[in-house]
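Report on the structure
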Amino acid sequence: MAGAGIVMVFDFDRTIIDDDSDRWVIAQMGLTHFFNQLRPTLPWTSLMDRMMEELHSQGKTIEDIAECLRQVPLHPKIIAAIKSAHDLGCDLRVLSDANMFYIETILKHHGVFSCFSEIISNPTSEDGKGRLMISPYHELASSPHSCNLCPPNLCKGLVIERILASTSKTGKKRFVYLGDGRGDYCPSLKLGEGDHVMPRKDFPLWDCIYDNPSLVKAKVHEWSNGEELHSVLVQLVDEISTQDRIKPL
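The notes below deal with the structure included here. (Residues numbered from 1 in each chain as written. Predicted model: local features only at pLDDT ≥ 70, side-chain atom pairs only at ≥ 80, totals over all residues. Heavy atoms only, no water.)

1. A short note on the pairing of strand β7 (residues 196-199)
Judged by which residues are buried, β7 turns out to be covered on both faces: H196 and M198 on one side and V197 and P199 on the other are all buried. Bridge analysis of strand β6 (residues 174-179) against β7 gives four bridges, and the strand direction is parallel. From the neighbouring strand, G179 faces β7, where its bridge partner is P199. Where β7 lies against strand β8 (residues 219-220), two bridges are found, and the strand directions are parallel. By the bridge assignment, H196 is partnered in β8 with K219. The parallel pair β7 and β8, bridged by helix α9 (residues 204-211), forms a crossover whose chirality is right-handed. (Buried < 20%, exposed > 50% of the residue type's maximum accessible area, 1.4 Å probe, protein only. Helix = DSSP H or I, 4+ residues; strand = E, 2+ residues; numbered from the N terminus. Pairing = 2+ DSSP bridges. Right-handed = clockwise from strand over helix to strand, strands pointing away.)

The structure is reproduced here in structure tokens:
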């Protein structure tokens, strides 16, 4: 298959979806004022967990949160890009600083959850009273990372290093990383020649890359919206598969 040997890693907020899933729930469920009050006092993941506690105290259920998430739009061209890459044999993964429940709920609603082999994000669970709980991917107290490019709860670069190591056992893979935020810069730096990074134009990742382009070894392909993401991604799969077919032994 054309996409065999290609690993695609997608950020979620403002990449797969055009919004921020945390802020969507905050706004749609009437928590903006409460959020703004607590924003200066807590790390982001702890703050999101506190928002879940507040919703529970108001009598909101996990299903209410899920129904709110099902209203998040997903551009039809991004759905098409995900399905096309999967059908071509690419290994698709999500690496996001959102959380597992939000991502799974939205992807399942739009019919693309099964296209992904792995989702890596802040874990979620339900307590005994029906409250959604959000925890940091890296335990802040027991196993903090030392990366100064990433937020304390998740170093995407460490995760990419783990994926690079695990996939290399089955032969050389080409990586494509898609993202928008400052937290997507660290994993972009981990990619090598022959890999590709797709920053969203005029977003923080794009700014970081173009501030010092020589630091990123992967080939850079910018995009702005769902149509462009689809076009660039499909063309990239064709380009990589063609290069690998004609490569001399």
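Resuming the write-up.
2. Digging into helix α7 (residues 156-167)
With 12 residues, α7 should reach 16 Å at 1.5 Å per residue; the first-to-last C-alpha distance of 16 Å fits that figure. Along α7, the residues classified as buried are K156, G157, V159, I160, I163 and T167. Seen along its axis, α7 keeps its buried residues to an arc of 155 degrees; they face one direction. On its buried side, α7 packs onto β1 (6-10), β2 (91-99), β3 (116-122), β6 and α8 (185-190). (Expected span 1.5 Å × (residues − 1). Arc of directions from axis to C-beta. Contact = heavy atoms within 4.5 Å.)

3. Quick look at the side chain of N122
Its location among the elements puts N122 in strand β3. At 2.8 Å, the side chain of N122 forms a polar contact with the backbone oxygen of A98. Residues within four places of N122 in sequence aside, it is in contact with T45, S96, D97, A98, N99, M100, I134, S135, P136, Y137 and N153. (Polar contact = N/O pair within 3.5 Å; in protein donor to acceptor, adjacent residues only side chain to side chain.)

Taken by themselves, the reported measurements are silent on function.
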